[in-house]
Amino acid sequence: MRLGVLDIGSNTVHLLLVDAHPGARPVPFASHKRPLSLVQYLDGDGNINDAGQHELIEFVLEAWEFAALHKAEDLLAFCTSAIREATNGPAVLARVKHETTVTLQELSGSEEASMTFFAVRRWYGWGAGPILDLDIGGGSFEMAFGTDELPELAMSVPLGASRLTRDWLHEDPPSAKSVKELRRYIRATLKPAVRRFDKLGRANRVAGTSKTFRSLARIAGAAPSGAGPYVKRELHATDLGLWAQRISAMQVEDRLHLPGVSEARAPQLLAGALVAEAALEMFEFPSMEICPWALREGLILRRLDQLVFDGPLDPAPHIGAPHAGLAQSSLAPAAGGPAS
């Protein structure tokens, strides 16, 4: 089947189409995306203003048409912290549904972390043992740890790279004082979360699952995306410390010359590096491995699992039902949409 995943993130709005069936690896077919930093459209009261809502609705309509053109049979549509934390988030979701007939599923921070962890576990398999997954988004930073397919603990804190850049780094390049204050804030915010994870034991592997981590690893010498998903990519704490210092002295324009850094990501690269550096230091790991699968893949795989249990296929006797209590990762397509 051809499955569409519409991801309304804090930095980018992205529709990914994949060809997949239960038990198979999802194969990307096509994608349609654009930079859209919804946090830049927040007013003084934390509302997404009319201009931001218009941009969002325009993209959802484009994505819907793109999915229909390429004969998507199912559509998952979700949003994360940008809308979740906006004061008028529910009103924005209602307007999107009214003007596009597409229902965006709002994921909580823990659900977002859980589904990302689910993808990481599927990528590395049971042989990886306990895994700690870290994910830096535009509005939030997710952490999850576990030995099973779903994590024992999944948390989200407001340390997204775009959010921190907007709130703390106002100069270009930023002042030494602002960088120092931001470092202090990141560590103070992470400290209580790290304490909760400390009680669970130590991970065999630390995975990084965001574009920010991929960009930082590429800057530090990891293979480019063109080398394919099976090339091992690592990001070391020593390299992070070095590059955080270098990036803090660069103007945004100069960061664009670094490998793997896009125009949309360049302004928030430093904030992302500071969060990554603090996380590795506080969790006491010297490095992490970059995982090519993340939230979108987690939702896709979850949907395929549901087809096994809810669809025409009979599950094998040893396979249990999906865990209860998590938000459903699939959405019924809107009337008249790609799957109708």
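Residues numbered from 1 in each chain as written. Predicted model: local features only at pLDDT ≥ 70, side-chain atom pairs only at ≥ 80, totals over all residues. Heavy atoms only, no water.

Colleague: In this structure, what is going on with the pattern of salt bridges? I would like to understand it.
Modeller: A complete count under the given rule lists 17 salt bridges for this structure. Its salt-bridge partner being arginine 296, residue aspartate 7 comes within 2.7 Å of it at the nearest N-O pair. With aspartate 7 in strand 1 (residues 2-8) and arginine 296 in helix 11 (residues 295-310), this residue pair connects regions lying 289 residues apart in the sequence. Residues joined in a network through salt bridges with shared partners are Arg34, Glu55, Glu58 and Glu62. (Salt bridge = Lys/Arg side-chain N within 4 Å of Asp/Glu carboxyl O. Helix = DSSP H or I, 4+ residues; strand = E, 2+ residues; numbered from the N terminus.)

Colleague: Would you mind going over the sheet that holds strand 6 (residues 131-136) with me for this structure?
Modeller: Hydrogen bonds between backbone groups are what pair the strands of a sheet, and the pairing can be parallel or antiparallel. Read from one edge of the open sheet, six strands run 8-7-6-9-11-10, paired in mixed fashion. With one partner strand each, in any of the chains shown, strand 8 (153-157) and strand 10 (234-236) form the two edges of the open sheet. Along the sheet, successive strands turn relative to each other by an average axial angle of 25°, direction set aside. In the sheet, strand 10 pairs with strand 11 (residues 287-290) via three bridges, with the strands oriented antiparallel. Across the sheet, residue histidine 236 finds its bridge partner in strand 11, namely serine 287. Relative to the sheet, helix 10 (residues 269-283) contacts strand 6, strand 7 (141-146), strand 10 and strand 11, its axis offset from that of strand 6 by approximately 160°. (Pairing = 2+ DSSP bridges. Axes fitted to C-alpha atoms, helices over the stretch in contact; angles between N-to-C directions. Contact = heavy atoms within 4.5 Å.)

Colleague: Help me understand the nonpolar core, please; the structure alone is not making it clear to me.
Modeller: Across soluble globular proteins, nonpolar side chains show a tendency to be buried alongside one another. In this structure, Leu134, Phe141, Met143 and Leu190 are the most contacted members of the largest nonpolar core, which totals 50 residues. Not counting the four nearest positions on each side in its chain, leucine 134 is found in contact with Phe141, Glu142, Met143, Val206, Ala207, Gly208, Thr209, Phe213, Ala279, Phe283 and Met288. Among the nonpolar cores identified, the runner-up in size contains 29 residues, and Leu17, Ala30, Leu38 and Ala86 belong to it. (Core = buried A, V, L, I, M, F, W, Y, C linked by side-chain atoms within 4.5 Å. Buried < 20%, exposed > 50% of the residue type's maximum accessible area, 1.4 Å probe, protein only.)

Colleague: Explanation requested: unusual backbone geometry in the structure shown.
Modeller: Note: most residues except glycine have negative phi, and most peptide bonds are trans. Of note, the amide linkage connecting aspartate 172 to proline 173 takes the cis form, showing an omega dihedral of 0°. When you line up the elements, proline 173 lands in the loop between helix 5 (161-168) and helix 6 (176-198). A positive phi is found at lysine 71, a non-glycine position, where the angle reads about 60°. Inspection of the secondary structure assignment puts lysine 71 in the loop between helix 1 (50-69) and strand 4 (74-79). Using a relative accessible area of 63% as the deciding quantity, one classes lysine 71 as exposed. The backbone of glutamate 284 sits at a positive phi, close to 60°, despite the residue not being glycine. Topologically, glutamate 284 is positioned in the loop between helix 10 and strand 11. Using a relative accessible area of 60% as the deciding quantity, one classes glutamate 284 as exposed.

Colleague: Would you mind showing me how to read the sheet that holds strand 3 (residues 27-35) here?
Modeller: The mixed open sheet is built from five strands, whose spatial order is 3-2-1-4-5. At either margin of the open sheet sits one strand with a lone partner, and together these are strand 3 and strand 5 (105-106). Where strand 2 (residues 12-19) lies against strand 3, eight bridges are found, and the strand directions are antiparallel. By the bridge assignment for strand 3, valine 18 is matched with proline 28. The strands touched by helix 1 within the sheet are strand 1, strand 2 and strand 3, with strand 3 carrying the most contacts at an inclination of about 160°.

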